[in-house]
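Take a look at the letters that make up each chain.
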Amino acid sequence: MNDLISSNSLNLTSLQSTKDLLLFVLAIILSITFSYLLRYFYLNYWRSLSDKNQISSNFVLLTLIITIIITVVKSSLALSLGLVGALSIVRFRTPIKDPEELIFLFICIAMGLALGAFQFWFAAIGFFFVIIVILFKSKFNKDISQNNFFISINSKAFDVQKFIDGSNDIFESVILKKIEETDNFREIIFNMKLKKNVSFKELETYLKSNGIKDYTYFDQDNFFQN
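None of the values given here were measured: they were computed from a predicted structure.

J.: Describe the pairing of strand 2 (residues 171-181), with residues and values.
T.: Across 9 bridges, the pairing between strand 2 and strand 3 (residues 186-194) is antiparallel. In the strand pairing of strand 3, Ser 173 is matched with Lys 193. Following strand 2, the chain reverses through 4 residues before pairing antiparallel with strand 3.

J.: Explain the environment of Phe 59 to me, using residue names and the numbers behind them.
T.: Following the sequence through the fold, Phe 59 ends up in helix 3 (residues 59-73). Residues Phe 59 and Leu 105, 46 residues apart in the sequence, show an inter-C-alpha distance of 7.2 Å. When sequence neighbours within four positions are dropped, the list of residues in contact with Phe 59 reads Ser 35, Leu 38, Arg 39, Tyr 42, Phe 104, Leu 105 and Cys 108.

J.: Can you break down the side chain of Ser 31 residue by residue, with the values?
T.: Looking at where Ser 31 falls in the secondary structure, it is placed in helix 1 (residues 2-45). At 2.7 Å, the side chain of Ser 31 and the backbone oxygen of Ile 28 are in polar contact. Those residues in contact with Ser 31 that sit more than four places away from it in its chain are Thr 63, Leu 64, Thr 67 and Leu 115.

J.: Account for helix 3, with residues named and values stated.
T.: Every α-helical turn comprises 3.6 residues, leaving residues that sit three or four positions apart pointing alike. The end-to-end C-alpha distance of helix 3 is 21 Å, a good match for the 21 Å that 15 residues give at a rise of 1.5 Å each. Those residues of helix 3 that sit buried are Phe 59, Val 60, Thr 63, Leu 64, Ile 66, Thr 67, Ile 70, Thr 71 and Val 73.

J.: Lay out the packing of aromatic side chains in plain terms, naming residues and giving numbers.
T.: Taken as a whole and assessed by the stated rule, the structure comprises 9 aromatic pairs. Note on Tyr 42 and Phe 104: the rings are 4.5 Å apart at their centroids and 55° apart in plane angle, and the pair reads as tilted. Remark: Phe 104 occurs in helix 5 (residues 100-116) and Tyr 42 occurs in helix 1; sequence separation between them is 62 residues. For the ring pair Phe 128 and Phe 129, a centre distance of 5.5 Å and an interplane angle of 80° mean the geometry is edge-to-face. Linked through ring pairs, Tyr 40, Phe 41 and Tyr 45 together constitute an aromatic cluster.

J.: Mind laying out the environment of Lys 162, listing which residues take part and the relevant values?
T.: Relative to the elements of secondary structure, Lys 162 occurs in helix 7 (residues 160-165). Judged by its relative accessible area of 54%, Lys 162 falls in the exposed class. In this structure, the C-alpha to C-alpha distance between Lys 162 and Asn 210, residues 48 residues apart in sequence, is 8.5 Å. Sequence-distant contacts of Lys 162, defined by excluding residues within four places in its chain, comprise Tyr 206 and Asn 210.

Calculation criteria
- Residues numbered from 1 in each chain as written.
- Predicted model: local features only at pLDDT ≥ 70, side-chain atom pairs only at ≥ 80, totals over all residues.
- Heavy atoms only, no water.
- Pairing = 2+ DSSP bridges.
- Helix = DSSP H or I, 4+ residues; strand = E, 2+ residues; numbered from the N terminus.
- Contact = heavy atoms within 4.5 Å.
- Polar contact = N/O pair within 3.5 Å; in protein donor to acceptor, adjacent residues only side chain to side chain.
- Expected span 1.5 Å × (residues − 1).
- Buried < 20%, exposed > 50% of the residue type's maximum accessible area, 1.4 Å probe, protein only.
- Phe/Tyr/Trp six-rings, centres within 6.5 Å; stacked < 30°, edge-to-face > 60°.

Now the structure itself:
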């Protein structure tokens, strides 16, 4: 009798292990699929100051790692507490040029959490609504306006207010997006749209007249290909 009970227990354990393994494989497949789809929509429908290819290249690994971690620790309180302790000493030092980058990192983390917990329907439905919001925001931004490009200016002595006040003849719109300053470094980023009758050469002349020598353009709407 005891042998029969032991045999049944072993069979149930084996079946449960097989089921968990299949669910884990499915979670891995879905994490890769969802993160690649997220990367596609981010690259094609989202506007960002940063290098989108560089940022989005981490989506797959981040989602995959979170999925694996949650799958491993969800059944063990000791492992969960150990994970909290390990993460408490990790400090995120990478500078974020665009705060909206964090949105997509959190999306990857959320998908990893849901998939690692084998909540596939929650992950799928949540991902569907994320894509809807991305598409809606992209369409909404295009309907409102197109600020053609960003410019990053690196100068300690740059006068932001003077630049904005004297820009009426050059720019149709100019929006200050970011100021980052340290003891030896100062970066200012503007989002701007040239007036139709202003050439790029006139823009260069205007920048030089303001003492701007070190700057970088970010082409976000194929402005330089138009």
